[in-house]
Amino acid sequence: MQDWAQPNTLGQWLRRLFGLQAIICGLLVILLVVSELRFDWIEKAVGAYLATINDRRPQIGAIWEKGHQATTARKVLEQIVTDRQASRRDALEAESFKQLAERIPDGQGTMLSPDHFKRLYLKLPIEIAREIAAPVELLALFSEAAWDRTYFEKNDDQLTVYLLDAENRVLKQMTVSADLLLYADRKNVFTAATLSDLPQFKDRLYPGDHFFKVLAELPVDIRKAAVPHPEKLLALPGLIRRVGISDEAGSGYIELGFEVDTGTRQEVVRFQGQEWAVWHLRSVLDGKPQATETLSDFLRDLRLR
């Protein structure tokens, strides 16, 4: 029978220490320790248990937070890369500066080649293209072979264009305003339309013969600024019955509409004239006193007002 009394002598302590039960317990403890060190069965058992209750455990603690942050950051990064790739693909497919601006998210940009920029530039009406950059300046950059890439940045519906060299130094910076983008992307011809169908020309319609008679009597610089490409009008089939002048001006230009009667249908061809010259032309058409004759006179009168 086990003696549960506290030993009082050294002999009793030794008999207790080296007794059969103590030895068996010690061997069991040593066996457990050795087996754990050899087979790691305790860690495996605890891990298996935790795995079975993992879905029910609260996701709290530093490790969980770091895991959540890493997962969120990875998803955000993947989305940014996907959006940038999609934006660049859309930009490469743009056929005009207006389309390019629509496909670049606000506050972001995209990189295109100089040749791509040149293709978009050459599609612009000449008067709009010259507002963005003089052709001779672009020719100089092309001839120097320093222009390596073109970066387009969109902010507040306008494009800022940076012509860069191979080391990302800015060779030239240009701004394409929202008004220029609007005028640059407008189509010239509206099939089966009349000026009466276009509200911007309402109450500003003039017979074609009267319009061109007055235009022919104006000074050369005003004629060229008001109707920059009369040869294009001359090439149109049919007769120009009426001419309309828009009441909307943007970036120094006003739109003019020419109603063409081909005999089988009517079309409206639209061009942009410089605001100061169209303003003067309209004053003459309306029978008002001719306040100015040149651009310098027009600007001087504006300063005096």
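Our subject is the structure listed above.
Description of the structure in this document. (Residues numbered from 1 in each chain as written. Predicted model: local features only at pLDDT ≥ 70, side-chain atom pairs only at ≥ 80, totals over all residues. Heavy atoms only, no water.)

**Here we look at helix α6 (residues 114-122)**
Phase 1 of the analysis: Every buried residue belonging to α6 is among P114, H116, F117, L120 and Y121, and all of these are buried. Considered in projection along α6, the buried side chains sweep an arc of 160 degrees and stay on one side of the axis. (Buried < 20%, exposed > 50% of the residue type's maximum accessible area, 1.4 Å probe, protein only. Helix = DSSP H or I, 4+ residues; strand = E, 2+ residues; numbered from the N terminus. Arc of directions from axis to C-beta.)

**Comments concerning the layout of surface pockets**
Phase 1 of the analysis: Empty space within the second largest pocket amounts to approximately 200 Å³.
Phase 2 of the analysis: Forming the walls of the second largest pocket are 14 residues, and the residues nearest its centre are I245, I254, V278, W279 and R282.
Phase 3 of the analysis: Those elements that provide at least two residues to the lining of the second largest pocket are β7 (239-250) and α13 (275-285).
Phase 4 of the analysis: The class makeup of the residues in the lining of the second largest pocket is 6 nonpolar, 2 polar and 6 charged. (1 Å grid on protein atoms, 1.4 Å probe; cavity = no way out; pocket = protein on both sides within 12 Å on 5 of 7 lines; lining within 4 Å. Points joined across faces, edges and corners; volume = space filled by probe spheres on them. Nonpolar A, V, L, I, M, F, W, Y, C, P; charged D, E, K, R; others polar.)

**As for the packing of aromatic side chains**
Phase 1 of the analysis: Scanning all chains against the criterion turns up 11 aromatic pairs.
Phase 2 of the analysis: Residues Y151 and Y162 carry aromatic rings whose centres are separated by 6.4 Å and whose planes lie at 35 degrees to one another, so their mutual orientation is tilted. Note that Y151 is positioned in strand β2 (residues 149-155) and Y162 in strand β3 (residues 158-164), a separation of 11 residues in sequence.
Phase 3 of the analysis: Residue classification places Y151 among the partly exposed positions, given a relative accessible area of 26%.
Phase 4 of the analysis: A connected cluster of aromatic rings, assembled from ring pairs, spans F97, F117, Y121, F142, W147 and F152.
Phase 5 of the analysis: Geometry around F142 places K118 over its ring, the cationic atom sitting 4.8 Å from the centre. (Phe/Tyr/Trp six-rings, centres within 6.5 Å; stacked < 30°, edge-to-face > 60°. Lys NZ or Arg CZ within 6 Å of the ring centre and 35° of its normal.)

**Concerning the pattern of salt bridges**
Phase 1 of the analysis: Summed over the entire model, instances satisfying the criterion amount to 10 salt bridges.
Phase 2 of the analysis: In this structure, R204 engages D247 in a salt bridge whose closest nitrogen and oxygen atoms are separated by 3.6 Å. Residue R204 is found in the loop between β5 (189-191) and β6 (205-207), and its partner D247 is found in strand β7; the two are separated by 43 residues along the sequence.
Phase 3 of the analysis: Judged by its relative accessible area of 11%, R204 is buried.
Phase 4 of the analysis: Between R265 and E267 there is a salt bridge; the shortest N-O distance is 2.6 Å.
Phase 5 of the analysis: One salt-bridge network, in which partners are shared between bridges, spans D165, E167 and R169. (Salt bridge = Lys/Arg side-chain N within 4 Å of Asp/Glu carboxyl O.)

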